[in-house]
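# A structural walkthrough
Single-letter residue listing:
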Amino acid sequence: MTNDFDHQVELFQRATVANTSEAKKHLSLLMKYKAMIAEFERSGLETRVSQQHELYTIIENRMLILHSAINLIIDVEIWNIIEYRYIAGNKHIVTINHFA
């Protein structure tokens, strides 16, 4: 006998290996994205050519998506690890030692 939950659509799809790899890649580039945005803003966006302005927009959108995704993490312990490792920019081994 099956119940209605067996056929229920998930609210959020489960992450695939490709999704996880993509997220990890962008998380590891988070500090670089921050530095690039800061440099664009420091030197003035109005002096940039259109390609650089497009790059700024792409990076800014990625940052917003990453921060939104991080803020949606419900598990406080996982959120703390992600924040410590990627937002604060600590190295992998430092993060492991800190949370061990």
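This is a predicted model, so every value here is computed, not measured. Along each chain, the written sequence defines residue order, and numbers are assigned to residues from 1. Only residues with pLDDT of at least 70 get local features here, since the model is predicted, and only at 80 or more are side-chain atom pairs given and counted; chain-wide, interface and lining totals rely on the full set of residues. Values shown for side chains rest on all heavy atoms present in the structure; no hydrogens or waters enter the calculation.

Strands are runs of DSSP state E lasting at least 2 residues, helices are runs of H or I lasting at least 4, and numbering of each runs from the N terminus. The helix and strand inventory of the protein stands at 5 helices and 0 strands. Secondary structure elements in the protein, listed N-terminal to C-terminal, are α-α-α-α-α. Out of the 100 residues belonging to the protein, those deemed buried represent 16%. In the protein, the share of contacts with a sequence separation of at least 24, taken over all contacts with a separation of at least 6, comes to 42%. Calculation of accessible area relied on Shrake-Rupley with a 1.4 Å probe; when residues are assessed, cover is drawn exclusively from the protein chains displayed. When the accessible surface of the protein is split by element, carbon and sulfur atoms take 60% of a total near 8,100 Å². Buried means the residue's accessible area, taken with a 1.4 Å probe over protein chains only, is under 20% of the maximum for its type, while exposed means over 50%, and partly exposed covers the values in between. The contact definition used throughout considers only heavy atoms, calling two residues in contact when any of these lie within 4.5 Å.

Taking 1.5 Å per residue as the helical rise, helix 3 (residues 50-71) with its 22 residues ought to reach 32 Å, and the 31 Å between its terminal C-alpha atoms agrees with that figure. Of the surrounding secondary structure, the elements contacted by the buried residues of helix 3 are helix 1 (17-28), helix 2 (30-43) and helix 4 (76-87). Expected span of a helix: the number of residues minus one, times 1.5 Å.

The subject of this paragraph is the side chain of histidine 26. Looking at the secondary structure, you find histidine 26 in helix 1. Assessed through its relative accessible area of 11%, histidine 26 is described here as buried. N or O atoms closer than or at 3.5 Å make up a polar contact, with two conditions inside protein: a donor-capable atom paired with an acceptor-capable one, and, for residues adjacent in sequence, both atoms drawn from side chains. A polar contact is formed between the side chain of histidine 26 and the side chain of glutamate 22, at a distance of 2.9 Å. Histidine 26 has contacts with Tyr33, Arg62 and Leu66, leaving out every residue within four places of it along the chain.

Moving on: the packing of helix 3 against helix 4. Working convention: axes come from line fits to C-alpha atoms, limited for helices to the stretch in contact. Angles between N-to-C directions cover 0 to 180 degrees. Where helix 3 meets helix 4, the axes come as close as 10 Å, and the angle between the chain directions of the two elements is 155 degrees. Looking at the two axes, helix 3 sits roughly antiparallel to helix 4. Counting all contacts with helix 3, which are made through His67, Ile70 and Asn71, the residues of helix 4 involved are Trp79, Ile82 and Ile87. Looking at the contact of helix 3 with helix 4 residue by residue, the class counts come to 4 nonpolar, 2 polar and no charged. When an angle is under 35 degrees it counts as roughly parallel; over 145 it counts as roughly antiparallel; between 65 and 115 it counts as roughly perpendicular; any other value is oblique. For this scheme, ten residues count as nonpolar: Ala, Val, Leu, Ile, Met, Phe, Trp, Tyr, Cys and Pro. Four count as charged, namely Asp, Glu, Lys and Arg, and the remainder, Gly too, count as polar.

What follows concerns the side chain of threonine 95. Examined against the element boundaries, threonine 95 turns out to sit in helix 5 (residues 92-99). Exposure remark for threonine 95: the relative accessible area of 7% places this residue in the buried category. Beyond its immediate stretch of four places on either side in the chain, threonine 95 contacts Ile81, Tyr84, Arg85 and Asn90.

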